[in-house]
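Overview (structure and organization)
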Amino acid sequence: MSTRSDGSTGQITDTRALRDVLGHFCSGVTVVPAMVGDEPAGFTCQSFSALSLDPPRILLCPSRRSTSWPAIRTAETFCVNVLSSGQHTLSDGFARSGGSKFEGVRWRPAVRGAPILDGAAAWFEAALVAEHDGGDHLVAVADLLDFGSDSTTQPLVFHRSRYGEVVELRLGSIEGRK
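Residues numbered from 1 in each chain as written. Predicted model: local features only at pLDDT ≥ 70, side-chain atom pairs only at ≥ 80, totals over all residues. Heavy atoms only, no water.

For the protein, the count of helices and strands is three helices and 12 strands. The burial tally for the protein puts 33% of its 178 residues in the buried class. Counting only contacts in the protein whose residues sit at least 6 apart along the sequence, the fraction spanning at least 24 positions is 60%. A total of about 11,100 Å² of accessible surface is found on the protein, and carbon and sulfur atoms cover 52% of it. (Helix = DSSP H or I, 4+ residues; strand = E, 2+ residues; numbered from the N terminus. Buried < 20%, exposed > 50% of the residue type's maximum accessible area, 1.4 Å probe, protein only. Contact = heavy atoms within 4.5 Å. Areas by Shrake-Rupley, 256 points an atom, 1.4 Å probe, with all protein chains shown as cover.)

The next subject is the side chain of Glu 125. Here Glu 125 lies in strand 9 (residues 122-134). In this structure the side chain of Glu 125 is engaged in a polar contact, spanning 3.3 Å, whose partner is the side chain of Thr 77. Glu 125 has contacts with Thr 77, Phe 78, Cys 79, Ala 110, Val 111, Arg 112, Gly 113, Ala 114, Asp 143, Leu 144, Leu 145 and Asp 146, leaving out every residue within four places of it along the chain. (Polar contact = N/O pair within 3.5 Å; in protein donor to acceptor, adjacent residues only side chain to side chain.)

This structure, assessed with the given rule, holds five aromatic pairs. Taken together, a centroid distance of 5.6 Å and an interplanar angle of 40 degrees make the contact between Phe 48 and Phe 124 tilted. Note that Phe 48 is positioned in strand 4 (residues 48-53) and Phe 124 in strand 9, a separation of 76 residues in sequence. A relative accessible area of 24% places Phe 48 in the partly exposed class. Ring geometry for Phe 102 and Trp 107: centres 6.2 Å apart, planes at 70 degrees, overall edge-to-face. According to the relative accessible area criterion, Phe 102 is buried, its value standing at 11%. (Phe/Tyr/Trp six-rings, centres within 6.5 Å; stacked < 30°, edge-to-face > 60°.)

Further remarks concern the nonpolar core. With 16 residues, the main nonpolar core has Val 32, Phe 43, Leu 60, Trp 69, Ile 72, Phe 78 and Val 80 as its most contacted residues. The set of elements that each furnish at least two residues to this core consists of strand 2 (30-36), strand 3 (39-45), strand 5 (56-60), helix 2 (69-72), strand 6 (78-82) and strand 10 (137-149). Those residues in contact with Leu 60, other than ones at most four positions away along the chain, are Val 32, Phe 43, Cys 45, Ser 47, Phe 48, Trp 69, Phe 78, Val 80, Leu 138, Val 139 and Ala 140. Judged by nonpolar contacts, the second largest core, of nine residues, contains Val 31, Leu 90, Val 105 and Leu 156. (Core = buried A, V, L, I, M, F, W, Y, C linked by side-chain atoms within 4.5 Å.)

Looking at where His 88 falls in the secondary structure, it is placed in helix 3 (residues 88-95). C-alpha of His 88 to C-alpha of Arg 162: the two residues are 74 residues apart in sequence and 9.8 Å apart in space. Each residue touching His 88, except ones within four places of it in the same chain, is listed here: Leu 156 and Tyr 163.

Looking now at the pairing of strand 9. Strand direction decides the pairing type here: strand 6 and strand 9, joined by five bridges, are antiparallel. Residue pairing across strands places Val 80 opposite Phe 124, the latter belonging to strand 9. The pairing of strand 9 with strand 10 spans 12 bridges and is classified as antiparallel. Each residue of the ladder has a partner; that of Trp 123, found in strand 10, is Gly 148. (Pairing = 2+ DSSP bridges.)

Turning our attention to the environment of Glu 131. Along the chain, Glu 131 turns up in strand 9. You can call Glu 131 partly exposed: its relative accessible area is 33%. As a C-alpha pair, Glu 131 and Leu 59 span 72 residues in sequence and 9.4 Å in three-dimensional space. Polar side-chain contacts of Glu 131 include one of 2.7 Å to the side chain of Trp 69. Engagement of the side chain of Glu 131 in a polar contact is seen with the side chain of Arg 73, the distance being 3.1 Å.

What follows is the structure in structure tokens.
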């Protein structure tokens with residue numbers, strides 16, 4: 001069992017235990033690329049979410065240590081690509097720092113030019129509107145400009161430091177259980 005705090009100050013003292021407990025929340029895996037000049041740049045990002053339908057907005061949380069985000073934030077648009085099951089090697093490749101992450105990666109440009117990765121389960125072309133302090137990460141808010149999906153794919157998921165796949169249960173819909 002992991003400890004929550006030191007009990008007296010309320011401060012979290014065991015960040016490794018915190019990371020392990022946070023890992024119980026299953027997330028999707030995205031790659032966020034943009035065109036920086038004539039070259040694509042990108043990084044893997046687990047912290048992605050819908051923010052608003054009116055106006056249509058998303059948020060993502062790049063690490064302050066990211067070497068790709070400073071360049072991507074200057075681009076006119078970027079594209080959040082939701083990876084599909086089986087694309088864990090893409091996730092690993094874009095998670096590393098430096099080098100040519102796009103070597104051997106197939107992609108096409110979205111309407112405004114941001115890279116859509118081949119085989120992605122879904123994609124969202126967006127423009128940065130705000131960036132906020134999030135501790136060791138930044139909270140980036142972006143307006144949605146375009147989006148699409150491939151309904152024949154399942155998303156890649158990340159849970160307890162491992163990749164996984166979605167398994168659909170045949171128990172009935174949530175609406176049917178009221």
